[in-house]
Amino acid sequence: AQKVTQAQTEISVVEKEDVTLDCVYETRDTTYYLFWYKQPPSGELVFLIRRNSFDEQNEISGRYSWNFQKSTSSFNFTITASQVVDSAVYFCALRLTQGGSEKLVFGKGMKLTVNP
Amino acid sequence: EAQVTQNPRYLITVTGKKLTVTCSQNMNHEYMSWYRQDPGLGLRQIYYSMNVEVTDKGDVPEGYKVSRKEKRNFPLILESPSPNQTSLYFCASSLHRSPGAPLHFGNGTRLTVT
């Protein structure tokens with residue numbers, strides 16, 4: 001079965017702190033894609049990053065960085081020097097292609113609050 | 001502007017009164033999908049469509065219907081809504097030919113069934 005686990009449900013930090021959001025996934029497929037989405041208080045879902053199962057390179061984009069490790073089935077997301085605007089719910093997701101059909105499985109989300 | 005448009009944004013209805021939430025995308029995407037978001041449960045897939053006239057159940061399809069008669073539209077139909085369908089609904093689309101392509105989401109429809 002495919003599953004995405006975001007063990008942390010809610011984190012509160014003070015501005016400028018670094019924070020890491022954990023994501024652990026389960027799948028037997030060898031080809032899959034992992035995503036992070038952000039949902040700010042306004043409610044829309046914003047795409048942040050994608051990784052495929054063959055690309056274990058970590059990525060840094062400004063204050064955001066992602067650590068993908070197949071050995072531990074994890075795809076963690078770190079915000080460096082957090083800002084109030086980072087306050088949002090963050091979702092990790094797993095997308096599979098199985099026999100011509102496609103499924104996208106989301107974790108339950110992690111609410112980040114960055115206090116000034 | 002490339003977008004996924006859902007209507008309405010807010011809907012309050014009563015148990016048993018049929019309703020339709022519309023979803024339209026202007027990006028010529030083949031793949032479209034509906035999700036519901038509930039506190040503590042994250043987003044769960046209701047139905048998805050790989051192309052015109054091709055639809056399949058997601059994880060929570062009970063009580064919902066969909067149709068895909070045109071590529072751009074993917075309406076969600078609740079034939080007899082019940083209070084447990086009170087939720088925030090999102091429509092999304094992406095290029096099927098690129099399974100790694102990110103989903104583009106609509107702005108959501110908040111449905112309340114009394």
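What you are looking at is a predicted structure, and each value in this text was computed from that prediction instead of being measured. (Residues numbered from 1 in each chain as written. Chains lettered and ligands numbered in written order. Predicted model: local features only at pLDDT ≥ 70, side-chain atom pairs only at ≥ 80, totals over all residues. Heavy atoms only, no water.)

Trainee: Can you walk me through the overall build of chain A in this structure?
Mentor: Along the backbone of chain A there are zero helices and 12 strands. Seen in sequence order, chain A has helices and strands lined up from the N terminus as β-β-β-β-β-β-β-β-β-β-β-β. In terms of C-alpha radius of gyration, chain A reaches 14 Å, essentially the compact-globule figure of 13 Å for 116 residues. Its C-alpha atoms put chain A at 50 × 30 × 20 Å along the principal axes. With 116 residues in all, chain A has 48% of them scored as buried. (Helix = DSSP H or I, 4+ residues; strand = E, 2+ residues; numbered from the N terminus. Rg over C-alpha atoms; globule rule 2.2 N^0.38 Å. Buried < 20%, exposed > 50% of the residue type's maximum accessible area, 1.4 Å probe, protein only.)

Trainee: I would appreciate a short explanation of the packing of aromatic side chains in the present structure.
Mentor: Working definition: an aromatic ring pair is given by the centre-to-centre distance plus the angle between the planes. Using the criterion set out here, one finds 20 aromatic pairs over all chains in the structure. Note on phenylalanine 106 of chain A and tyrosine 35 of chain B: the rings are 5.5 Å apart at their centroids and 80 degrees apart in plane angle, and the pair reads as edge-to-face. Of this pair, phenylalanine 106 of chain A sits in strand E11 (residues 101–106) while tyrosine 35 of chain B sits in strand E4 (residues 31–38), on two different chains. Under the relative-accessibility criterion, phenylalanine 106 of chain A is labelled buried at 7%. For tyrosine 35 of chain B, a relative accessible area of 0% translates into the label buried. Look at phenylalanine 106 of chain A and phenylalanine 105 of chain B: their rings are 6.2 Å apart centre to centre, the planes differ by 65 degrees, and that puts the pair in the edge-to-face class. (Phe/Tyr/Trp six-rings, centres within 6.5 Å; stacked < 30°, edge-to-face > 60°.)

Trainee: Is there a simple way to explain the interface of chain A and chain B in this structure?
Mentor: Note on interface size: it is often stated as the accessible area lost on association of the parts. Across the contact, 20 residues belong to chain A and 22 residues belong to chain B. On the chain A side of the interface with chain B, the three residues burying the most area are Leu45, Arg95 and Glu102 of chain A, jointly 31% of the side's total. In this structure, the connection of chain A to chain B is made through zero salt bridges. Where chain A touches chain B, the interface holds four residue pairs in polar contact (both at pLDDT 80 or more). The set of elements that each furnish at least two residues to the side of chain A that touches chain B consists of strand E5 (32–39), strand E6 (46–52), strand E10 (88–98) and E11 of chain A. Looking at the side of chain A that touches chain B element by element, the count peaks at five residues for E11 of chain A. Partitioning the side of chain A that touches chain B into residue classes produces eight nonpolar, six polar and six charged. (Contact = heavy atoms within 4.5 Å. Buried area = accessible area lost by both parts, 1.4 Å probe. Salt bridge = Lys/Arg side-chain N within 4 Å of Asp/Glu carboxyl O. Polar contact = N/O pair within 3.5 Å; in protein donor to acceptor, adjacent residues only side chain to side chain. Nonpolar A, V, L, I, M, F, W, Y, C, P; charged D, E, K, R; others polar.)

Trainee: What's the story with the state of the cysteines in this structure? I'm lost.
Mentor: In protein structure, a disulfide is the covalent linkage between the sulfur atoms of two cysteines. Residues and elements named next belong to chain A. Under the counting rule described, the total for this entry stands at two disulfides over all chains. The disulfide partner of cysteine 23 is cysteine 92, and the S-S distance across this bridge is 2.0 Å. Handedness of the cysteine 23-cysteine 92 disulfide follows from its S-S torsion of about -65 degrees: it is left-handed. Of the two residues, cysteine 23 sits in the loop between strand E3 (19–21) and strand E4 (24–26) while cysteine 92 sits in strand E10, which places them 69 residues apart along the sequence. What makes cysteine 23 buried here is its relative accessible area of 0%. (Disulfide = S-S within 2.5 Å.)

Trainee: Could you clarify how one ought to interpret the nonpolar core in this entry?
Mentor: Across soluble globular proteins, nonpolar side chains show a tendency to be buried alongside one another. Ranked by size, the top nonpolar core spans 26 residues in total, and within it Trp36, Phe77, Tyr90 and Leu112 of chain A carry the most contacts. Broken down by secondary-structure element, the contributors of at least two residues to this core are strand E2 (10–14), E3, E5, strand E8 (64–69), strand E9 (74–79), E10 and strand E12 (110–115) of chain A. Top contributing element to this core by residue count: E10 of chain A, with five residues. Contact partners of tyrosine 90 of chain A, with chain neighbours within four places excluded, come to Gln6, Leu21, Trp36, Tyr37, Lys38, Leu48, Tyr64, Phe77, Ile79, Gly109, Met110 and Leu112 of chain A. With 19 residues, the next largest nonpolar core counts Ile46, Tyr64, Val66 and Tyr89 of chain B among its residues. (Core = buried A, V, L, I, M, F, W, Y, C linked by side-chain atoms within 4.5 Å.)

Trainee: Just checking my understanding: could you explain the environment of valine 85 of chain A for this structure?
Mentor: As for its position among the elements, valine 85 of chain A is in the loop between E9 and E10. By relative accessible area, valine 85 of chain A is classed as exposed at 59%.

Trainee: Looking at this model, I keep getting lost on the pairing of E4 of chain B. Mind explaining?
Mentor: Residues and elements named next belong to chain B. Counting buried residues along E4, eight of its eight residues qualify, which places the element largely inside the surrounding structure. Examined bridge by bridge, E4 and strand E9 (residues 87–94) share seven bridges and lie antiparallel to one another. Paired with tryptophan 34 across the bridge in E9 is cysteine 91. Alignment of E4 against strand E5 (residues 42–51), held across seven bridges, turns out to be antiparallel. Residue pairing for E5: tyrosine 35 is matched across the bridge by glutamine 45. The antiparallel hairpin formed by E4 and E5 contains three residues in its connecting segment, where glycine 40 sits at a positive phi of about 80 degrees. (Pairing = 2+ DSSP bridges.)

Trainee: Would you explain the side chain of glutamine 37 of chain B in this entry?
Mentor: Structurally, glutamine 37 of chain B can be placed in strand E4. Separated by 2.8 Å, the side chains of glutamine 37 of chain B and glutamine 39 of chain A make a polar contact. The contact partners of glutamine 37 of chain B, leaving out residues within four places of it in the chain, are Gln39 and Phe91 of chain A together with Gly42, Leu43, Ser87, Leu88 and Phe90 of chain B.

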